[in-house]
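Coordinate analysis (summary)
Below, each chain spelled out in residue letters.
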Amino acid sequence: MPKSRGRRKATSSKPVRHSPLPPRRSDLLLRDARRLTGLADPLMAETWASGWLGGAWLTAELGEREAEHRLCMEVTGRASTTPSPHGLAAIAALARVAPATDITMLAETIEVDLRP
């Protein structure tokens, strides 16, 4: 067999595709929070927030001790950088059922977002 004279090997013409990263839990929560803006019953908002906080525990890695806190921090950060009515509704709903250590942070975020 003759030796190659500098020609490249044939390669696939299709580009390599990388799978996109899955959305963060806080992004999913804020998308779902659009349902909260039409609710008049605070109990429904509490049930919604409780479900998301419970979901944080379900998806947490083994040994995670602050899954709820991490979710509250992520949502607060996202809602603060891109304020919206549904983001504010999500923060208010979380503040009703969040761990005691996060209630102050959530309440302060609501106060900042409500300032003119």
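Residues numbered from 1 in each chain as written. Predicted model: local features only at pLDDT ≥ 70, side-chain atom pairs only at ≥ 80, totals over all residues. Heavy atoms only, no water.

An unreviewed UniProt entry lists the protein under the name DUF222 domain-containing protein, from Microtetraspora malaysiensis.

Moving on, we come to the pattern of salt bridges. Applying the stated criterion to the full structure yields six salt bridges. Close ionic contact of Arg-24 with Asp-27 constitutes a salt bridge, the shortest N to O distance being 3.9 Å. Given the relative accessible area of 45%, Arg-24 is considered partly exposed. According to the relative accessible area criterion, Asp-27 is buried, its value standing at 15%. Asp-27 is the partner of Arg-78 in a salt bridge, and the nearest nitrogen-oxygen pair spans 2.5 Å. With Arg-78 in helix 3 (residues 67-81) and Asp-27 in helix 1 (residues 25-32), the pair connects residues that are 51 residues apart, well separated along the chain. Residue Arg-78 is classed as partly exposed on the basis of its relative accessible area of 28%. (Salt bridge = Lys/Arg side-chain N within 4 Å of Asp/Glu carboxyl O. Buried < 20%, exposed > 50% of the residue type's maximum accessible area, 1.4 Å probe, protein only. Helix = DSSP H or I, 4+ residues; strand = E, 2+ residues; numbered from the N terminus.)

Time to look at the packing of helix 1 against helix 2 (residues 42-59). Viewed as axis vectors pointing N to C, helix 1 and helix 2 meet at an angle of 160°, and their least axial separation amounts to 12 Å. By the angle between their axes, helix 1 is roughly antiparallel relative to helix 2. Crossing hand, helix 1 versus helix 2: right-handed. Contacts from Arg-25, Leu-28, Leu-29 and Asp-32 in helix 1 reach Trp-48, Trp-52, Gly-55, Ala-56 and Thr-59 in helix 2. Taken together, the residues that form the contact of helix 1 with helix 2 break down as five nonpolar, two polar and two charged. (Axes fitted to C-alpha atoms, helices over the stretch in contact; angles between N-to-C directions. Parallel < 35°, antiparallel > 145°, perpendicular 65-115°, else oblique. Left-handed = near helix turned anticlockwise from the far one by under 90°. Contact = heavy atoms within 4.5 Å. Nonpolar A, V, L, I, M, F, W, Y, C, P; charged D, E, K, R; others polar.)

Attention now moves to the layout of surface pockets. Of the pockets and cavities examined, the largest pocket occupies roughly 160 Å³. Together, Arg-25, Ala-56, Thr-59, Ala-60, Glu-61, Glu-64, Ala-67, Arg-70, Leu-71 and Glu-74 line the largest pocket. Only helix 2 and helix 3 provide two or more residues apiece to the lining of the largest pocket. Here the element with the most residues in the lining of the largest pocket is helix 3; it accounts for four residues. In terms of residue class, the lining of the largest pocket is made up of four nonpolar, one polar and five charged. (1 Å grid on protein atoms, 1.4 Å probe; cavity = no way out; pocket = protein on both sides within 12 Å on 5 of 7 lines; lining within 4 Å. Points joined across faces, edges and corners; volume = space filled by probe spheres on them.)

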